[in-house]
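Read off the chains here:
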Amino acid sequence: NLEKQIPLGWGIFGWVNRFIVIPIFNFLNSFNWNYGIIILILTIAIKVMLLPLTFKAYLSQAKMKVLKPEIDEIQGKFKEEPMKLQQEMMGLYRKAGVSPLGGCLPMLLQLPILIAMFRFFPQSIELRQESFLWAKDLSTYDSILDLPFYIWGYGDHVSLFTLLMTISTILITMVNSSSAMTNPQMKWMMYLMPIVFLGVFNNYSAGLSYYYFLANVISIGQQFLFKSFVDDDEIHRKIQENKKRPAGQTKSKFQQRLEKMAK
């Protein structure tokens, strides 16, 4: 039982590693493939499992995008009346049958796997001394350039997988911000975080940065795939139909229970 000493994360993060990630990883490892290929297939398997949640989040973003002109109109009309603004916004969401948090919940459900992988790769003894492409050891950073000086918050080397991860994160941020209603005040934070992670992950396991890079590339591909299937005009038509229904019909059962409890 010595494996219980390996810090795979507390609570749900450790459970995800023990009961989902490690069984899949061990199964793929039984084929004696290169660990870079194993991580690639593992990433694809996890993204496929999360596909329904990812699509639901994208669909919610698409609905909010369609509603943006009406939201902007309400914000301009009631910008001096915060309470009235909130009431009008909630009224619009209720009539349209759209939840402003609809895209957050699916992303929140994916968070345990994201953090679990952060704990999994640095603890994977199998990756020690295993090379892939330019990375000589997937358990440590993949330096392609040793700097003659030390940069605070970054290090004295350049890890290529971390650099690719950062670039792909910025690209997916651009795709998401262009396809969804994004708070302008939060945009700078969305672009700042990848830069922060560039310094953090520069000294981490190359296998971890490689996984996040692959996950970002697949996510970008999914965004364009979803875009080809989701018709904004059809979403707008359905929202307008929802508005014509009696208020009770556009409320979810959960929302109806909340209102009943409040009364």
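Please read these numbers as outputs of a predicted model, since none were measured by experiment.

1. Comments concerning the overall build of the protein chain
- The helix and strand inventory of the protein chain stands at 10 helices and two strands.
- Going residue by residue from the N terminus, the α and β elements of the protein chain occur as α-α-α-α-α-β-β-α-α-α-α-α.
- Looking at the 263 residues of the protein chain, the share that counts as buried comes to 38%.
- Summarising the internal contacts of the protein chain: among those between residues at least 6 apart in sequence, 70% fall at separations of at least 24.
- In the form shown here, the protein chain has an accessible surface area of approximately 16,100 Å², with 64% of it arising from carbon and sulfur atoms.

2. Remarks on the confidence of the model for the protein chain
- Looking at the protein chain, the pLDDT average stands at 80 and 84% of residues meet or exceed 70.
- In the model of the protein chain, helix α10 (residues 253-262) stands out as the element of lowest mean pLDDT, 63, in contrast to helix α2 (residues 35-49), which has the highest, 91.

3. Considerations on unusual backbone geometry
- Even without glycine at this site, Asn 32 takes up a positive phi of about 60 degrees.
- Structurally, Asn 32 is set in the loop between α1 (12-29) and α2.
- A positive phi angle, near 65 degrees, is found at Gln 129, a position not held by glycine.
- Relative to the helices and strands, Gln 129 resides in the loop between α5 (104-123) and β1 (143-151).

4. Describing helix α8 (residues 206-229)
- Taking 1.5 Å of rise per residue, the 24 residues of α8 would be expected to cover 34 Å, and the 35 Å separating its terminal C-alpha atoms lies within 8% of that figure.
- N-capping of α8 is provided by Ser 205, with a side-chain oxygen placed 3.1 Å from the backbone N of Gly 207.

5. A closer look at the packing of aromatic side chains
- The tally for this structure, following the rule as stated, stands at 17 aromatic pairs.
- A centroid spacing of 5.6 Å and a plane angle of 35 degrees characterise the contact between Phe 121 and Tyr 211, whose relative ring orientation is tilted. Placement of Phe 121 in helix α5 and of Tyr 211 in helix α8 is noted, with a sequence separation of 90 residues between them.
- Assessed through its relative accessible area of 0%, Phe 121 is described here as buried.
- Seen from their ring centres, Phe 201 and Tyr 212 are 5.6 Å apart, and the 85 degrees between their planes marks the pair as edge-to-face.

6. Some points on the nonpolar core
- Core analysis: the largest hydrophobic core is formed by 29 residues, its most contacted members being Ile 39, Leu 42, Met 117, Phe 121, Leu 138 and Tyr 211.
- Looking at this core, the elements that each hand over two or more residues are α1, α2, α5, α6 (160-179) and α8.
- Residues contacting Phe 121, with those up to four places away along its chain left out, are Ile 39, Leu 42, Leu 127, Ser 205, Gly 207, Leu 208 and Tyr 211.
- Core analysis: the next-biggest nonpolar cluster, separate from the first, contains 18 residues, Val 66, Met 89, Leu 92 and Tyr 93 among them.

The rules behind the values
Residues numbered from 1 in each chain as written. Predicted model: local features only at pLDDT ≥ 70, side-chain atom pairs only at ≥ 80, totals over all residues. Heavy atoms only, no water. Helix = DSSP H or I, 4+ residues; strand = E, 2+ residues; numbered from the N terminus. Buried < 20%, exposed > 50% of the residue type's maximum accessible area, 1.4 Å probe, protein only. Contact = heavy atoms within 4.5 Å. Areas by Shrake-Rupley, 256 points an atom, 1.4 Å probe, with all protein chains shown as cover. pLDDT = per-residue confidence, 0-100. Expected span 1.5 Å × (residues − 1). Polar contact = N/O pair within 3.5 Å; in protein donor to acceptor, adjacent residues only side chain to side chain. Phe/Tyr/Trp six-rings, centres within 6.5 Å; stacked < 30°, edge-to-face > 60°. Core = buried A, V, L, I, M, F, W, Y, C linked by side-chain atoms within 4.5 Å.

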